[in-house]
Amino acid sequence: MSDILTCSQCQTRNRVGAVPADRVPSCARCGAALPWLHDGTDASFEQDIQASVPVIVDFWAPWCGPCRVMAPVLEDLVRDLPGKVRVVKVNVDENPHTAARFEIRSIPTLLMFRNGEEVDQIIGVPQKAALRARVEHLSRL
């Protein structure tokens, strides 16, 4: 499975497959770190939370109004912090096993992982600045 990530520097669309846990995806044209946002599934979840940067898992659904408010906040965050955060969007309707595993009862719910371990949780839609501060704090750990 691969994702298309667009470089913030040169706007090149990059096809990105699995990325080793000790790396972040980079642009094939200019070498800049790519904004790392993609869809996750029940099958890919364990691999998705393994990264050298903090991982935010967004549990959401297309019918959820607050989830639609959260989406551009996360898109802005990965563009502002390329190579410093990974965002994985998990549709709870299509991936019920992962949502059940983490007892997701309200959406949007953001789970934050560091080195594959859950370290923080946010229920609802946080302000972008507050979310960025939490990610930057996790980066320093």
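Refer to the structure presented above.
Undergrad: Please explain helix α4 (residues 128-140) as it appears in this structure.
TA: In an α-helix, one turn spans 3.6 residues; hence positions three or four apart end up facing the same way. Taking 1.5 Å of rise per residue, 13 residues should cover 18 Å, and α4 covers 19 Å from first to last C-alpha, within 8% of that figure. Considered for burial, the residues of α4 that qualify are Leu-131, Val-135 and Leu-138. The arc that holds the buried residues of α4, viewed along the axis, is 60°, so those residues lie on one side. Residues Ala-129 and Arg-140 are exposed on α4 and point more than 90 degrees away from its buried face. On its buried face, α4 is in contact with β4 (55-60), α2 (65-80), β6 (109-114) and β7 (117-123).

Undergrad: Which parts of the structure should I look at to understand the pattern of salt bridges?
TA: Once their charged atoms are close, side chains differing in charge can pair, the charge on each being opposite to the other. By the definition in use, this model includes 9 salt bridges. Note that Glu-46 and Arg-101 form a salt bridge whose closest N and O atoms lie 2.4 Å from each other. Pair noted here: Glu-46 is in helix α1 (residues 45-48) and Arg-101 is in helix α3 (residues 96-101), with a separation of 55 residues, a long-range link. Look at Glu-46 and you get partly exposed, because its relative accessible area is 41%. With a closest N to O distance of 3.9 Å, Asp-80 and Arg-132 form a salt bridge. Within this pair, whereas Asp-80 is found in helix α2, its partner Arg-132 is found in helix α4, the two being separated by 52 residues in sequence.

Undergrad: I keep staring at the packing of aromatic side chains and nothing clicks. Help me out?
TA: Aromatic ring pairs are defined here through the distance separating the ring centres and the angle between the ring planes. Enumeration according to the criterion identifies 4 aromatic pairs in this entry. Taking the centre distance of 5.8 Å and the plane angle of 85° together, the rings of Phe-102 and Phe-113 count as edge-to-face. Taken together, the positions of Phe-102 in the loop between α3 and β6 and Phe-113 in strand β6 put the pair 11 residues apart, joining distant regions of the chain. Phe-113 carries the same exposure label as Phe-102, and that label is buried. An aromatic cluster is built from Phe-45, Phe-59, Phe-102 and Phe-113, whose rings are joined through pairwise contacts.

Undergrad: How do you make sense of the sheet that holds β6 when you look at a structure like this?
TA: Strand pairing in a sheet relies on backbone hydrogen bonds. The paired strands run either parallel or antiparallel. Pairing within the open sheet is mixed, and its 5 strands lie in the order β3-β5-β4-β6-β7. What marks the edges here is a single partner per strand, and that holds for β3 (36-39) and β7. The average angle at which neighbouring strand axes cross in this sheet is 20°, direction not considered. Relative to strand β5 (residues 86-91), β4 is paired through 6 bridges, and the arrangement is parallel.

Undergrad: Is there a simple way to think about the side chain of His-38 in this case?
TA: For His-38, the position within the fold is in strand β3. Within the structure, His-38 has its side chain in polar contact with the side chain of Arg-86 (distance 3.0 Å). Look past the residues within four positions of His-38 in its chain and what remains in contact with it is Asp-3, Asp-48, Arg-86, Val-87, Val-88 and Lys-89.

Reading the values: the criteria
Along each chain, residue indices are assigned from 1 in the same order as the chain's sequence is written. pLDDT decides what is reported in this predicted model: residues at 70 or higher carry local features, side-chain atom pairs at 80 or more are listed and counted, and totals for whole chains, interfaces and linings draw on all residues regardless. Heavy atoms from the whole structure form the basis of all side-chain values; hydrogens and water molecules are not counted. Labels follow the DSSP assignment, with helices taken as runs of H or I lasting at least four residues and strands as runs of E lasting at least two, numbered in each case from the N terminus. Given the number of residues in a helix, its expected span is that number minus one, multiplied by 1.5 Å. The buried label goes to any residue with under 20% of its type's maximum accessible area, the exposed label to any with over 50%, and the partly exposed label to all in between, with areas taken from a 1.4 Å probe on protein chains only. To obtain the arc, one takes the directions from the helix axis to the C-beta atoms. Contact between two residues is taken to exist if any of their heavy atoms lie within 4.5 Å; hydrogens are not considered. Salt bridge, as used here, is a side-chain nitrogen of Lys or Arg placed within 4 Å of a carboxyl oxygen of Asp or Glu. Stacked, tilted and edge-to-face are the three classes applied to pairs of Phe, Tyr and Trp rings, where Trp contributes its six-membered ring and a pair requires centres within 6.5 Å; stacked means planes under 30 degrees apart, edge-to-face means over 60, and tilted covers the rest. At least two bridges found by DSSP between two strands are what make those strands a pair. Here an axis means a line fitted to C-alpha atoms, over the contact stretch when the element is a helix, while the angle between two N-to-C directions is reported on a 0 to 180 degree scale. We define a polar contact as two N or O atoms separated by no more than 3.5 Å, with the added condition that, inside protein, one atom must be a possible hydrogen donor and the other a possible acceptor, whereas residues neighbouring each other in sequence contribute only through side-chain atom pairs.

That's the geometry; what it means functionally is another story.
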